[in-house]
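The chain contents come next:
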Amino acid sequence: MNIMLFHSAYGLRPAVRDAADRLRAAGHEVWSPDLFDGRTFETVEEGMVCKDEIGKDELLRRAVLAAAPYSERGLVYAGFSLGASIAQTLCLGDDKARGLLLLHGTSDIAPNVSADELPVQLHVAEPDPFETDDWLSSWYLQMGRTGADVEVYRYAGAGHLYTDPGLPDYDAEAAEATWRVALGFLGSL
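The sections below set out a description of the structure shown in this document. (Residues numbered from 1 in each chain as written. Predicted model: local features only at pLDDT ≥ 70, side-chain atom pairs only at ≥ 80, totals over all residues. Heavy atoms only, no water.)

### Some details on the side chain of His 104
Turning to step 1, where the next piece is worked out: Mapped onto the elements of the fold, His 104 is located in the loop between β4 (99-103) and β5 (119-126).
Turning to step 2, where the next piece is worked out: Reaching out from His 104, the side chain makes a polar contact with the backbone oxygen of His 160 at a distance of 2.8 Å.
Turning to step 3, where the next piece is worked out: Setting aside its immediate chain neighbours within four residues, His 104 contacts Phe 80, Ser 81, His 123, Glu 131, His 160, Leu 161, Tyr 162 and Thr 163. (Helix = DSSP H or I, 4+ residues; strand = E, 2+ residues; numbered from the N terminus. Polar contact = N/O pair within 3.5 Å; in protein donor to acceptor, adjacent residues only side chain to side chain. Contact = heavy atoms within 4.5 Å.)

Here it is in structure tokens:
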């Protein structure tokens, strides 16, 4: 599978590179573009300032430019938190997309989007301050209306970015469960 993996607001940290390596070891081809021009951050607040400085439109432009050379191959879009939001936006606009793997985040869904039978898998903490229960319920219903085939996995007690061992949110058990399920999902596409 060809996977375009987008980083969180923390930037292209070692955890993202490690995730890309894990996916490669499972036989996938993976690209993980740096949307922040080499900048990484110690706090989500610092990362969000960078995101706001760059701007949503510019981040999406950078993501599109990163994915464009590979989209004809049929990409699986994936991402962590902010990167999941970007992955979702690009995936729903790419009629050749093969799947969507969301780790720790979702995004708004434009009206009249069609994603007939698109495999979508979401992994998120429970509770998650950035992905509230009300938001996730609404997102799930909207994604279902697009025609996507959606699976949601919640991890009780885990922090928001629980797959990143370099952050306080890290939860080894939840992270390994996520990767086990996600690798199975990718292997089935």
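### Looking at the nonpolar core
Turning to step 1, where the next piece is worked out: Of all hydrophobic cores here, the largest spans 38 residues; its most connected members are Phe 6, Tyr 77, Ile 86, Leu 100 and Leu 118.
Turning to step 2, where the next piece is worked out: Of all elements in the fold, only β1 (2-6), α2 (44-54), α3 (56-67), β3 (75-80), α4 (82-92), β4, β5 and α5 (133-145) reach the threshold of two or more residues within this core.
Turning to step 3, where the next piece is worked out: If you tally residues by element for this core, the top one is α4, at seven residues.
Turning to step 4, where the next piece is worked out: The residues touching Ile 86, leaving out its near neighbours within four places in the chain, are Phe 6, Leu 35, Leu 59, Leu 60 and Ala 63. (Core = buried A, V, L, I, M, F, W, Y, C linked by side-chain atoms within 4.5 Å. Buried < 20%, exposed > 50% of the residue type's maximum accessible area, 1.4 Å probe, protein only.)

### Things to note about a nonpolar patch on the surface
Turning to step 1, where the next piece is worked out: Among the surface-exposed residues, Tyr 140, Leu 141 and Val 152 lie close enough to one another that they form a single nonpolar patch of about 260 Å² accessible area.
Turning to step 2, where the next piece is worked out: Along the chain, the position of Val 152 falls in strand β6 (residues 149-156).
Turning to step 3, where the next piece is worked out: Val 152 sits in the partly exposed class, given a relative accessible area of 34%. (Patch = residues over 30% accessible without salt bridge, like charges linked within 9 Å, V, L, I, M, F, W, Y side chains within 5 Å. Areas by Shrake-Rupley, 256 points an atom, 1.4 Å probe, with all protein chains shown as cover. Salt bridge = Lys/Arg side-chain N within 4 Å of Asp/Glu carboxyl O.)

### Considerations on the pattern of salt bridges
Turning to step 1, where the next piece is worked out: Going through the model one piece at a time under the given rule, you end up with eleven salt bridges.
Turning to step 2, where the next piece is worked out: Note that Asp 164 and Arg 13 form a salt bridge whose closest N and O atoms lie 2.9 Å from each other. A residue pair is termed long-range when its members are at least 10 positions apart, and Asp 164 in the loop between β6 and α6 (172-188) and Arg 13 in the loop between β1 and α1 (14-25) qualify at 151 residues.
Turning to step 3, where the next piece is worked out: Accessibility expressed as a relative area gives 7% for Asp 164, which makes it buried.
Turning to step 4, where the next piece is worked out: For Glu 58, the salt bridge identified is with Arg 61, shortest N-O distance 2.8 Å. Separated by three residues within a single helix, Glu 58 and Arg 61 lie in helix α3, roughly one turn from each other.
Turning to step 5, where the next piece is worked out: Look at Glu 58 and you get partly exposed, because its relative accessible area is 24%.
Turning to step 6, where the next piece is worked out: When salt bridges with common partners are traced through the structure, they connect Asp 37, Glu 58, Arg 61 and Arg 62 into a single cluster.

In short, shape yes, function no, at least from these values alone.
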